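Geometric and topological summary
So you can see what is in the structure, the chains are spelled out below.
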Amino acid sequence: SLSLSLLFSHTHTDTNPETAVMADSPVAAGQAAAGPPTSRLCACSGVRWCLVCRPAADDAAATAAAEATVRRASWRLCLDSGSIVPLGKATDDDHRHDAQHLDPLLPPEFEGVCVIRDFVSAAEEAELVQDIDRLPWTPSQSGRRKQDFGPKVNFKRKKVKQGNFNGLPSWSQWLVQRLQTSACTACPSLNTFRPVEQCNLEYCPSRGSAIDPHFDDAWLWGERLVTVNLLSDTVLSFTTPSNNEQTEHHTIQVTLPRRSVVIVKGNARHRWHHGICREHVTARRLAITFRELSSEFTGDGPLAEVGAEMLDIAATFKGNPTTVPKPQAL
C-alpha cells in the first residue's frame, strides 16, 4: 500500500479554518440547545477568542470596530436572481445590474456561489442532528466545536498522511449521493464531486462562535467547497482581503437558510475571504462541509496515486472522527 506521507520543501501560504457543527438534541424552530460539555471549555489561541475565554464586556470596543469594518461597502447576493444588490434593499427588482454598475468601489467580479434551498427535509435534518450528536465533539477555535473525518494534514509543510482516517461516516453517504445528482447555476453538475474530507462544525451564540475571514487551502482541497447548513439560518460573509493596511473592505453577504446547501467555487473561492460573524449566529447551528481533492491529487496530477488511495478510504463510509477530545487534567 502506498504511503500517504509526503513532505515538500516549499512553504504553503493558504490557510484552512480547522486543520486550519448530545444525544437526541431538540431541533424545533431552530432553537436547539447546545450539546453537553466537552473535556475542555475553550481551544482558542493567538488572536482568536470566544465568549468563554474573553467575556464580551471586555471586548466591546474591539467587537464594535470589527463589525463597523464589516458593514463598510456592504452588499448581498440575491438568492432568487443571483444579482448583487445593496445591503438592506429588500428586492433587486430595480437593480438588475452587474456588480460594477452598482458602485465603482465594488470589485467587478464575484461569481461561484450557489445556494440550494431545502436541500434536506425537516425529518432528514432531525436524523442528521441525532447522528452527529452521537459522536464526540472536540473544542475548536473561536467558540466552535468540531468533528473531523479526513486525512491528517500539515498545510504549511505540505504534508499529508492517513493517520487514523478510516472513511467518511456511514450516515453521510446519502448526502453525498444527493449532492452528486444536484445542480445549480454556479455548478451545473456535481456528478464528479467526490469528497475526501468531511468537517462538522457547531456554532453556538452562548460561546460567541464565529469563524474569521479566510481562504480555504488550495494545495490539497479542490475547486468546490460544499456545506450543508442545519438548525438555523446564518450569513456567509465574503470580504476582499485588505492591502497595505487598507481600512476599506468590500463585503458581500450570502444568506444561508436552514436546511440549505451552499457551493463555493471560482473567484468566490480564491479571491474573496469567507467567514461567519458572531452577530450572524443567533441559535445553535451545525455546518457539514465536504471537500474534494485538488488537481494535484487527481487525474494526471503528480500525486494522483496518493489521491486515489485517500478517495478509496473516504468511500468506505465506515469512518469515525479523527479528532477526539483530550481528557481534562485533574
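Bear in mind the structure is a predicted one, so any value in this text is a computation, not a measurement.

Topic: the overall build of the protein chain
Scanning the protein chain from N- to C-terminus turns up 6 helices and 15 strands. In the protein chain, buried positions account for 53% of the 330 residues. As displayed, the protein chain offers around 15,300 Å² of accessible surface, 51% of which is attributable to carbon and sulfur atoms.

Focus on the side chain of glutamine 147
Among the secondary structure elements, glutamine 147 is positioned in strand β5 (residues 145-149). A polar atom in the side chain of glutamine 147 sits 3.0 Å from the backbone oxygen of isoleucine 132. In terms of polar contacts, glutamine 147 uses its side chain to reach the backbone carbonyl oxygen of leucine 135, at 3.3 Å. Those residues in contact with glutamine 147 that sit more than four places away from it in its chain are Ile132, Leu135, Pro136, Trp137, Gln198, Cys199, Asn200 and Thr323.

Quick look at the side chain of aspartate 217
Structurally, aspartate 217 can be placed in the loop between β9 (211-214) and β10 (221-230). From its side chain, aspartate 217 meets the backbone nitrogen of leucine 220 in a polar contact 2.8 Å long.

A short note on the sheet that holds strand β4 (residues 138-139)
Here 7 strands make up an open sheet; going across it, the order is β3-β13-β10-β15-β8-β5-β4 and the pairing antiparallel. If you trace the sheet from one side to the other, it starts and ends with β3 (113-116) and β4, each paired once. Contacts between helix α3 (residues 122-133) and the sheet are confined to β5, β8 (195-203), β10 and β15 (285-293), with β10 contributing the most and set at about 105° to the helix. Lying over the sheet, helix α6 (residues 304-314) contacts β8 and β15, oriented at roughly 55° with respect to β8.

Quick word on the pairing of strand β13 (residues 261-264)
Burial along β13 is two-sided: Val261 and Ile263 and Val262 and Val264, pointing in opposite directions, are all buried. One ladder, built from 4 bridges, connects β3 with β13; its direction is antiparallel. Note on β13: the bridge partner recorded for valine 115 is valine 262. Across 4 bridges, β10 lies against β13 in antiparallel orientation. Its bridge partner being in β13, threonine 227 is matched across the sheet by valine 262.

Quick look at unusual backbone geometry
Comment: phi is negative for the bulk of residues other than glycine, and the bulk of peptide bonds are trans. The phi dihedral of aspartate 118 is positive, around 50°, even though this residue is not glycine. Relative to the assigned elements, aspartate 118 resides in the loop between β3 and α3.

Quick word on the confidence of the model for the protein chain
Scored by pLDDT, the protein chain has a mean of 78; 70% of the residues are at 70 or more. A low-confidence stretch, residues 18-40 stays under pLDDT 50, and its non-local contacts, those more than four residues away or across chains, total 67 contacts. Confidence drops under pLDDT 50 across residues 92-104; counting only partners more than four residues distant or on other chains, this segment forms 22 contacts.

A word on the nonpolar core
Of all hydrophobic cores here, the largest spans 45 residues; its most connected members are Leu220, Leu230 and Phe297. When residues of this core are traced back to their parent elements, those giving at least two are β3, α3, α4 (173-180), β10, β13, β15 and α6. Sort the elements by how many residues they give to this core and α6 lands first, with 5 residues. The contact partners of leucine 220, leaving out residues within four places of it in the chain, are Val153, Phe155, Val160, Glu292, Leu293, Ser294, Phe297 and Met310. If you look at the next biggest cluster of nonpolar residues, it comprises 23 residues, including Leu236, Val264, Ala268 and Trp272.

Here's the deal with the pattern of salt bridges
Counted according to the given criterion, the structure contains 13 salt bridges. Residue aspartate 80 is joined to arginine 117 by a salt bridge in which the shortest nitrogen-to-oxygen separation is 3.4 Å. With aspartate 80 in the loop between β1 (74-77) and β2 (84-86) and arginine 117 in the loop between β3 and α3, this residue pair connects regions lying 37 residues apart in the sequence. Residues glutamate 202 and arginine 145 are paired through a salt bridge, measuring 2.6 Å at the closest nitrogen-oxygen approach. Of the two residues, glutamate 202 sits in strand β8 while arginine 145 sits in strand β5, which places them 57 residues apart along the sequence.

Here's the deal with the sheet that holds β9
What the 6 strands build is an open sheet, ordered β2-β1-β12-β11-β14-β9; its pairing is mixed. If you trace the sheet from one side to the other, it starts and ends with β2 and β9, each paired once. Going across the sheet, the axis of each strand differs from the next one's by a mean of 30°, ignoring polarity. Sheet analysis places strand β11 (residues 234-239) next to strand β14 (residues 273-276), joined by 3 bridges and oriented antiparallel. Bridged to phenylalanine 238 within β14 is histidine 274.

Criteria and thresholds
Residues numbered from 1 in each chain as written. Predicted model: local features only at pLDDT ≥ 70, side-chain atom pairs only at ≥ 80, totals over all residues. Heavy atoms only, no water. Helix = DSSP H or I, 4+ residues; strand = E, 2+ residues; numbered from the N terminus. Buried < 20%, exposed > 50% of the residue type's maximum accessible area, 1.4 Å probe, protein only. Areas by Shrake-Rupley, 256 points an atom, 1.4 Å probe, with all protein chains shown as cover. Polar contact = N/O pair within 3.5 Å; in protein donor to acceptor, adjacent residues only side chain to side chain. Contact = heavy atoms within 4.5 Å. Pairing = 2+ DSSP bridges. Axes fitted to C-alpha atoms, helices over the stretch in contact; angles between N-to-C directions. pLDDT = per-residue confidence, 0-100. Core = buried A, V, L, I, M, F, W, Y, C linked by side-chain atoms within 4.5 Å. Salt bridge = Lys/Arg side-chain N within 4 Å of Asp/Glu carboxyl O.

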